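# Per-entry structural report
Read off the chains here:
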Amino acid sequence: MRILMVSEDLPAEGMGGLARHVLALSRALVAAGHQVDLMGNDDVSINAAGEEFDIDGHFMPALHGQFQGWKEFSLGSFIPFKRSVIASRFAHAILRRAGEYDVTRHDQGSDCLIHTRFTRGQICRATDPRVCAQCRTERPNRLQRMASTSAVRQFREQVAIGFKRHKTVFVSDFLRRNVARTLGPGPWGVTVHNFIDTRGLQAARTATTKLISDDRLQIFIAAKLYPAKGVSQFLETLTSSQHQRLDIRVAGDGPDQDVLRERFPQVNFLGWRTGTESLQLATAAQAIVVPSICEEACASTIIEGLLLGKTVFALNLGGTPELQIYESAPMQLRLYPDMTALVAGLLAFQPHPDFAPSPRTPTGSAEAAGRLLALYRLPPGPITH
């Protein structure tokens, strides 16, 4: 088959989880004998994206306008028709090159215009579009609230039409439930968890030497450094004496990077790292912490950690509980109701050898690619089973 992968997150100077997910899946489909081309944005050059942006097929920089703000923050409201205009541009770009296409919905963008359902330091579970104005200005006036409400209703109506017209793949049942909560019951597609490159995991295991760091527990975190990812809250929850018991390495950059470096000099902030480097750091650690305080849709870092045989610590939020199917042993993925409980569990953790892979554990790679290929072969239209 000839497959067109579309992601406005590519190319990027610092690859995030979704971008790496798309590239890993593309390479797997090529390895399975298919022709894969990639369509992405025209804002970042391939050269600036670095070595990670290495694909066998053709790249088309045909997506434009997704990073334009349309002065929403200065006006204090979401703008009606903004997302319709951008979506129309994307649709025209896709349809010029492919008569049939599938959409993978990775984040909360189906019903949330900021894609995270996280605002003012808290998870947002509101479904009333009149509430959404607060994500553009702290105290919206009547006109701002009316404009934002109109924009959100328009967006959700068009999303519903699109989902009923095309095949839709969610990366977690959690996201599918969120869509039904907001848009009502309907044939909203199927779930296939994030694709994981198991060859990369094996290569990391082979190439990595275990860290020896006196008697401290060796912890690895891979996260964008901004509030929703919870790195700051995790480090703040630890006391000074507790910090001394942990050797914490953090891979990732973001707007909070400089502040965190200054506040927590005992933590090793490594900056952005390639996917290969992050896997090597994860392999060398004794435990993985995913401290997100937002509702993660499907954290690839968790699946990778479990498939590497690591014990993973995370909050019991979003799509994370679904990932227990990738455990090789009970309690390999340790879920907690809040950050205080997570830190207590981490400090009580006794390091042990990595878990051996279980033959019953999904691989996260061949299975996902096979299910997606089966969906791609279905006739155009929504998935009804």
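Bear in mind the structure is a predicted one, so any value in this text is a computation, not a measurement.

### Some remarks on the overall build of the protein
Helices and strands together make up the secondary structure of the protein, namely 14 helices and 14 strands. Taken against the 2.2 N^0.38 rule, which gives 21 Å for 385 residues, the C-alpha radius of gyration of the protein at 21 Å falls within 12% of a compact globule. Dimensions along the principal axes, computed over C-alpha positions, put the protein at roughly 55 × 55 × 40 Å. Split into buried and exposed, the 385 residues of the protein put 51% on the buried side. In the protein, 68% of the contacts between residues at least 6 apart in sequence involve partners at least 24 apart. About 18300 Å² of surface is accessible on the protein, with carbon and sulfur atoms providing 53% of the total. Of note, the protein has its 42 positive side-chain charges centred 6 Å away from the centre of its 37 negative side-chain charges.

### What to know about the packing of aromatic side chains
Evaluated as defined, the whole model comprises four aromatic pairs. Judged by centre distance (5.7 Å) and plane angle (85°), the rings of F163 and F170 are edge-to-face. Note on accessibility: F163 and F170 belong to one class, buried. Centroid distance F313 to F349: 5.5 Å. Interplanar angle 80°. Geometry classified as edge-to-face. With F313 in strand β13 (residues 311-315) and F349 in the loop between α13 (339-347) and α14 (366-376), the pair connects residues that are 36 residues apart, well separated along the chain. Comparing F313 with F349, the two get one shared label, buried. Put simply, the rings of F163, F170 and W188 pair up and form one aromatic cluster. If you follow R136 out to its NZ or CZ, it ends over the ring of F73, 4.2 Å from the centre.

Definitions and limits used
Chains are numbered independently. Their residues run from 1 in the order of the written sequence. pLDDT decides what is reported in this predicted model: residues at 70 or higher carry local features, side-chain atom pairs at 80 or more are listed and counted, and totals for whole chains, interfaces and linings draw on all residues regardless. Note that water and hydrogens are dropped before the side-chain values are worked out from all heavy atoms of the structure. Under the scheme used here, helices are H or I runs from DSSP no shorter than 4 residues and strands are E runs no shorter than 2 residues, and both carry numbers assigned from the N terminus. Values of the radius of gyration come from C-alpha atoms, whereas the globule rule sets the reference at 2.2 Å times the count of residues to the power 0.38. For the exposure calls, accessible area comes from a 1.4 Å probe over protein chains only, and a residue counts as buried if that area is under 20% of its type's maximum, exposed if over 50%, partly exposed in between. For this analysis, residues touch if any pair of their heavy atoms sits within 4.5 Å. All accessible areas in this document rest on Shrake-Rupley with a 1.4 Å probe, and a residue is counted as covered only by the protein chains that are shown. His is not counted, nor are the chain ends, whereas Lys and Arg count as positive and Asp and Glu as negative. Note on charges: their place is set at NZ of Lys, CZ of Arg, CG of Asp or CD of Glu. In this scheme Phe, Tyr and Trp rings, the latter by its six-membered ring, pair at centre separations within 6.5 Å, and the angle between planes marks the pair as stacked below 30 degrees, edge-to-face above 60, and tilted otherwise. Over a ring means this: the NZ of a Lys or the CZ of an Arg is within 6 Å of the ring centre and within 35 degrees of the ring normal.

The values are spatial; any link to function lies outside them.
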